Structure formats: structure tokens, C-alpha cells
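Spelled out from the first residue to the last, the chains are:
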Amino acid sequence: MTNPTPQPGILDITPYVGGAAPAPSEQKTYKMSSNESALGASPKAMGAYKAASDSLYLYPDGGAHELRAKIGETYGIDPAQIVCGSGSDEILQLLTKAYVGVGDNIIQTQYGFLVYALAAKSCGAEARFAPEKNLTADVDEILKLVDERTRIVFLANPNNPTGTYIPDSEVRRLREALREDILLVIDAAYAEYMEVPDYASGEQMVDDFDNVVMTRTFSKIYGLGGLRLGWGYCPAPIADVLNRVRGPFNVNAGALAAGVAALEDQEFVDQNRSFNREERDWLAQQFGGLGLEFVPSHCNFILVKFPDEPGRNANDILDFLKSEGVMVRDMGPYKLDEWLRISIGEKAGNRRLVELLSKRFGNDG
Ligand SMILES: *Cc1c(COP(=O)(O)O)cnc(C)c1O
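Keep in mind that what you see is a predicted model, and the values were worked out from it rather than measured.

Engineer: Just to check I follow, could you spell out the pairing of strand E10 (residues 301-305) for this structure?
Structural biologist: Regular strands place side chains that alternate from one sheet face to the opposite one. With four of five residues buried, E10 lies mostly within the body of the structure. Two elements, strand E9 (residues 293-294) and E10, share two bridges in a ladder whose sense is antiparallel. Bridge pairing in E10 links Glu293 to Lys305. In textbook terms, the turn of a hairpin is the stretch between consecutive antiparallel strands, and for E9 and E10 this stretch comprises six residues. Looking at chain direction, E10 and strand E13 (residues 339-343) are connected through five bridges and run antiparallel.

Given below as C-alpha cells:
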């Protein structure tokens, strides 16, 4: 007799660890470890969530009709090809479950978002990591890893935790060189922050090709991370597959209501984008002034490099900041041991961070 045994691959998973939250304390604390919205959520979305509490006894609309219609209207895409999920994380998991099996492989980039590899392992598949150049995805390196068992290529564009992106022309070159039976998943979680002309979030590619899916989230610029809401835009046959494998009520009523209201408040999104740009530029300037190397970012976080010196290395700075109530993200799981990922926070948090870093890196530090 043996005890219940999980499927192959599952025990190889090291569970994903989210950004640390500050411990309750007297001191004012700042959570800059999970790329959450610095401006919170839209007041309209919060209002809609509260109003939804009147009907919590009712099952949600399992087809997310109103939300999909609003997403379609906002982004100019067909609601019938949209599938909503409990975070875009659920869409990534469902795609893997539906298209990847034991002995297959998925490809992601070296410093790409780690959730893809975890999803692959939970399906008994291998995760292959394509080397990056200058902390940026490299299409040729991705293509070198493709073999007959490759089922999905995951590309976070722009990527977390690096904040780098590849232009639309490169994403198209990647798709062009992939076999038609390989799915290209473009994770555009930070698309709303992007302000460069050569970037495209991927909806046009979904329209153009039968093997491209784009995923999006309400967790970042929309400020609804706690509600777990995301979506995928897919070719119709892939949307059909996801609708078969997802739970019938996978998105809760509060998330559906808040999501619609959040989409209606694009003014909030615009505010969040410009606040983020100003604060990111300011932080980058401060890091530069302190002699710290960082990766120019297009997102709501910056990856910063620390010297290999006692008291000033990434680990020691992580602990120092934490002891002062500022939480940033350790990059150990990404094998970027000399780096910390710092989310753009509220104004006071960004200033507190710089004040603390000045004590270690300033002229008087
Ligand atoms: C934050 C993030 C997501 C969003 O995940 P949710 O499950 O929607 O909260 C997806 N991909 C990347 C690269 C991210 O950084």
C-alpha cells in the first residue's frame, strides 16, 4: 500500500512567494514589494464592490457577460474571444493545463515571470529558460530551445521583474518562426503603463494568428490585486477550450462588479499612469545620484543592483529597509541575487526609501 501520490512534477514545485507585507507596527510602513497600484483602486470600483455586497447570496454571472462587453468596448476587441479568470494567473494556469502534458515542455526567458514554470511543472512538463541579453528577452535564444515537445512559449512583455520589453516587430518575428501548433502566450500585465511607439500589447496579433493568446490583469494599473481578476484574449477555438476547463463560476461577484466600474474610470488609469511615470523618473534620478545601477523600466517597478559589500549588498539592504518599514522584493528566486525589485510607491514611501538608501550610499553614508 502507498499513500496518495500527486501527479508527476508537482513535488518539484517550489511554491511562489509573494512580496512581503510589513508587520503591524507603530512605525509608518510602505509595501513596495508586489507592484501594486501606488494610488490604490478607483473610488468608482470600490463603490461598485460595496454595492455588490447587497447580492452576495446570488451566484455570479458565470459567463461574465457585462465585464467581457466592457473589456471589449474599452480595448476594441471581440467579447466572445475574451475569457475572464481569477487573476490572469488563472488564465495562465488554464492554458497550461489545457495544452501541456507530461513530457512536454514550455519555454520562457531566463528572468521571465516565474509563474509559467510553476504552471508547467504542475502539469508534469519541463520549463526551459532561454538566456536573455541585457536582461531582455532574446527571440533567437527562445527559438533555439524549441523542439517537438514544445507546446507553449510564454513571453511577459514588458517583463516582471526586469521591466524590459521587446518591440512588436520582435514578437512578430518570434511568432513567425514558431510552428503553428505551438501557442505563443503574450502576458501583457503592464501594458497600460507602456508609452513607447514600438510596443504593442498583442491584441492585434491575436486577431492575426490562430496560435497567439494575450493575457491582461486588473491587479496592476487598475489597483484590484486583492480581488483576483484578469482575462485572456484568444482565438475563438482557444477561448472555447478555456471555457470548458475553467470553473463555472471562476470569477466572483465582487470582482465582476468592480472590474466593470474600474474600466469605466479610465481617468483613474490615466492618473495612475502619469503618477507612475513621474515617480519612476524621480526614483531613477535618485538611484543614479546615489551611484546605483538600475534597469530603465517601463512598468511600475525598478530593478536595482547593489554592490557586493557587507552592509550594502542586496540582502543587507533588504533587511535594513525592512527594519525601517519599507518592504522591497528579494530576487533570489530569479537568481538575480545582487538585485532588488522596488515597486513605485506612494510619494511618501518613495521619499522614505531614498532617504534610507542615502544613509548607505549617500556622500555622508
Ligand atoms: C502581476 C503580474 C501578473 C498578474 O497576475 P494576476 O494573477 O492577474 O494578479 C501577470 N503577469 C505578470 C508578469 C505579472 O507581473
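Engineer: I keep staring at helix H4 (residues 115-122) and nothing clicks. Help me out?
Structural biologist: An α-helical turn contains 3.6 residues, so a residue and the one three or four places further along point in the same direction. Burial analysis of H4 places six of its eight residues in the buried class, which makes it a mostly covered element. Within H4, the full set of buried residues consists of Val115, Tyr116, Ala117, Leu118, Ala119 and Ala120. Structurally, H4 contributes buried residues whose contacts are with helix H3 (87-99), strand E3 (105-109), strand E4 (126-130), strand E5 (150-156) and strand E6 (183-187). Once H4 finishes, Gly124 follows within two positions and takes phi at roughly 75°, a positive value.

Engineer: Would you mind showing me how to read the domain arrangement of the protein chain here?
Structural biologist: Many authors give the size of an interface as the accessible area that is lost as the parts come together. Parsing the protein chain into structural domains produces domain 1 (12-40 + 267-361) and domain 2 (43-264). For domain 1 versus domain 2, the separation of C-alpha centres amounts to 25 Å. Taken together, the contacts link 29 residues of domain 1 with 28 residues of domain 2. Note on domain 1 versus domain 2: buried area summed over both sides is about 2500 Å², and carbon and sulfur give 67% of it. At the junction of domain 1 and domain 2, the tally comes to one salt bridge. Among the salt bridges present, the one from Glu195 reaches Arg277, with a minimum N-O distance of 2.7 Å. Put simply, domain 1 and domain 2 have eight residue pairs in polar contact (both at pLDDT 80 or more) between them. Residue assignment for the side of domain 1 that touches domain 2 shows that the elements contributing at least two residues are helix H10 (266-289), E10 and E13.

Engineer: Any chance you could explain the side chain of Lys220 here in plain terms?
Structural biologist: With respect to the helices and strands, Lys220 occurs in the loop between strand E7 (212-217) and strand E8 (230-233). Salt bridges are absent for the buried Lys220, whose nearest opposite-charge side chain, Asp187, sits at 7.2 Å. Once you skip the residues sitting within four places of it in the chain, Lys220 turns out to touch Ser34, Asn35, Ser37, Ala189, Tyr190 and Tyr193.

Engineer: What exactly am I supposed to notice about the site of the ligand here?
Structural biologist: All residues in the neighbourhood of the ligand are listed as Gly87, Ser88, Asp89, Phe113, Asn160, Asp187, Ala189, Tyr190, Thr217, Ser219, Lys220 and Arg228. Contact distances for the ligand include 3.2 Å between an oxygen atom and a side-chain N or O atom of Lys220. Between an oxygen atom of the ligand and a side-chain N or O atom of Arg228, the distance comes to 2.6 Å. In isolation the ligand has 390 Å² of accessible area, and contact with the protein removes 92% of it. A total of three residues in the shell around the ligand trace back to one element, the largest contributor, which is H3. Within the shell around the ligand, the residues separate by chemical class into three nonpolar, five polar and four charged.

Engineer: Even after reading the chapter, I still don't get the sheet that holds strand E12 (residues 329-330), so can you show me in this structure?
Structural biologist: Hydrogen bonds along the backbone pair up the strands of a sheet, which may run parallel or antiparallel. A sheet is described by the order of its strands in space; here four strands give the open sequence E9-E10-E13-E12, paired in antiparallel fashion. For this open sheet the edge positions go to E9 and E12, each flanked by a neighbour on one side alone. Relative to the sheet, helix H11 (residues 314-323) contacts E12 and E13, its axis offset from that of E13 by approximately 35°.

Engineer: What am I meant to see in a negative patch on the surface here?
Structural biologist: A contiguous patch of negative charge, built from Glu293, Asp308, Asp330, Asp337 and Glu338, is present on the exposed surface. Tracing the backbone through its elements, the reader meets Asp337 in the loop between E12 and E13. The class of Asp337 is exposed, set by a relative accessible area of 59%.

Engineer: Explain the environment of Arg352 here, please?
Structural biologist: With respect to the secondary-structure elements, Arg352 resides in helix H12 (residues 347-361). Taking the C-alpha atoms as reference points, Arg352 and Glu324, 28 residues apart in sequence, are found 9.2 Å from one another.

Engineer: Mind showing me how you'd approach the nonpolar core here?
Structural biologist: A general feature of soluble globular proteins is that nonpolar side chains tend to end up buried together. The biggest cluster of nonpolar side chains holds 54 residues, and the ones touching the most others in it are Leu67, Ile71, Leu184, Phe218 and Trp231. The element that contributes the greatest number of residues to this core is helix H9 (residues 253-264), accounting for six residues. Built from parts of two domains, this core gets at least three residues from each of domain 1 (12-40 + 267-361) and domain 2 (43-264). Core analysis: the second largest hydrophobic core is formed by 33 residues, Leu183, Leu242, Val295 and Trp339 among them.

Scoring rules and cut-offs
Residues numbered from 1 in each chain as written. Predicted model: local features only at pLDDT ≥ 70, side-chain atom pairs only at ≥ 80, totals over all residues. Heavy atoms only, no water. Buried < 20%, exposed > 50% of the residue type's maximum accessible area, 1.4 Å probe, protein only. Helix = DSSP H or I, 4+ residues; strand = E, 2+ residues; numbered from the N terminus. Pairing = 2+ DSSP bridges. Contact = heavy atoms within 4.5 Å. Domains from an automatic or database assignment. Buried area = accessible area lost by both parts, 1.4 Å probe. Salt bridge = Lys/Arg side-chain N within 4 Å of Asp/Glu carboxyl O. Polar contact = N/O pair within 3.5 Å; in protein donor to acceptor, adjacent residues only side chain to side chain. Lys, Arg positive; Asp, Glu negative; His and termini not counted. Near = heavy atom within 4 Å. Areas by Shrake-Rupley, 256 points an atom, 1.4 Å probe, with all protein chains shown as cover. Nonpolar A, V, L, I, M, F, W, Y, C, P; charged D, E, K, R; others polar. Axes fitted to C-alpha atoms, helices over the stretch in contact; angles between N-to-C directions. Patch = residues over 30% accessible without salt bridge, like charges linked within 9 Å, V, L, I, M, F, W, Y side chains within 5 Å. Charge placed at Lys NZ, Arg CZ, Asp CG, Glu CD. Core = buried A, V, L, I, M, F, W, Y, C linked by side-chain atoms within 4.5 Å.

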